[in-house]
Structures are given as structure tokens and as C-alpha cells.
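A look at the structure
Each chain is listed here by its residues.
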Amino acid sequence: MSPDSSPSAAGLPGAVPANGQLRGVDPLPVGPDGWVCSAKDCGAPATHDLQWNNPKIHTADRRKHWLACAEHTSTLGSFLSTRGFLQDTLPL
């Protein structure tokens, strides 16, 4: 990934703002192949950012990320939603 295509340069959800402060949102996880689905054994390109937190251990403004491909957005979202963790689903 070139510097110009980094999350902060792209202005995507979870990207580090210019001032470097995250304000409770973790940076998007980026691997050597870019953004890939978080589903077990799936290496497809991610199309959605499932932002979540566990209210028992995270502050209300904290957001963690699971990235999902088109095939796994629904199943990963359901898993998080059933537990009351899913806060938002955003396209990448």
C-alpha cells in the first residue's frame, strides 16, 4: 500500500485524523494485502467496516473493527448484533 492510499490519506472511517488523535476509534486493521475480511479462513477484499464495542469493557465512544467482504457482512454483523456489540456498519 502506497502512502497515498493509506487509511489516513483516504479519509475512511477509523482512519487517523491529521492531528493524530483517534477519539475512541481504533485504526482500521491493514495487512500486507490491504483490507481483508475478518471471517475465519476468508481472504477476500473487505467491503464493509463493522464497528463494534463491548459495553462491559469499552467506553461508549470506543469503536473496534471487523472488516467484512460482501459474503460475510451479514453473518459477522449478526454475530456482533446478537451480543449487543454492533454499533455501525459502514462501506469501505
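Here the structure is shown first, and the text comes after it.
Okay, so let's go over this structure. (Residues numbered from 1 in each chain as written. Predicted model: local features only at pLDDT ≥ 70, side-chain atom pairs only at ≥ 80, totals over all residues. Heavy atoms only, no water.)

1. A short note on the overall build of the protein
Of regular secondary structure, the protein possesses two helices and three strands. Sorting the 92 residues of the protein into buried and exposed places 34% on the buried side. In the protein, the share of contacts with a sequence separation of at least 24, taken over all contacts with a separation of at least 6, comes to 53%. (Helix = DSSP H or I, 4+ residues; strand = E, 2+ residues; numbered from the N terminus. Buried < 20%, exposed > 50% of the residue type's maximum accessible area, 1.4 Å probe, protein only. Contact = heavy atoms within 4.5 Å.)

2. Details of the sheet that holds strand 3 (residues 86-91)
Spatial strand order, 2-1-3: three strands in an open sheet with antiparallel pairing. At either end of the open sheet lies a strand with only one pairing partner, and these are strand 2 (64-68) and strand 3. Sheet twist, expressed as the average angle between the axes of neighbouring strands with direction ignored, equals 25°. Where strand 1 (residues 48-52) lies against strand 2, five bridges are found, and the strand directions are antiparallel. Bridge assignment links Trp52 to a residue of strand 2, and that residue is Lys64. (Pairing = 2+ DSSP bridges. Axes fitted to C-alpha atoms, helices over the stretch in contact; angles between N-to-C directions.)

3. Observations concerning the side chain of His58
Position of His58 relative to the elements: it lies in the loop between strand 1 and strand 2. Those residues in contact with His58, other than ones at most four positions away along the chain, are Trp52, Asn53 and Lys64.

4. Some words on unusual backbone geometry
Unusually for a residue other than glycine, Asp41 sits at a positive phi of about 65°. Tracing the chain through its elements places Asp41 in the loop between helix 1 (7-10) and strand 1.

5. Thoughts on helix 2 (residues 73-82)
Taken together, the buried positions of helix 2 are Thr73, Leu76, Gly77 and Leu80. Axial view of helix 2: buried residues confined to an arc of 100°, hence all on one face. Seen from the open side of helix 2, the exposed residues pointing more than 90 degrees away from its buried face are Ser74 and Thr82. Residues of helix 2 that are buried make contact with strand 1, strand 2 and strand 3. Looking one or two residues beyond helix 2, the residue adopting positive phi is Gly84, at roughly 75°. (Arc of directions from axis to C-beta.)

6. Here's the deal with the side chain of Asp49
The residue Asp49 is located in strand 1 in this model. For the buried residue Asp49, which engages in no salt bridge, the nearest side chain bearing the opposite charge is Arg63, 9.0 Å off. For Asp49, the side chain forms a polar contact with the side chain of Gln51, separated by 3.1 Å. (Lys, Arg positive; Asp, Glu negative; His and termini not counted. Salt bridge = Lys/Arg side-chain N within 4 Å of Asp/Glu carboxyl O. Polar contact = N/O pair within 3.5 Å; in protein donor to acceptor, adjacent residues only side chain to side chain.)

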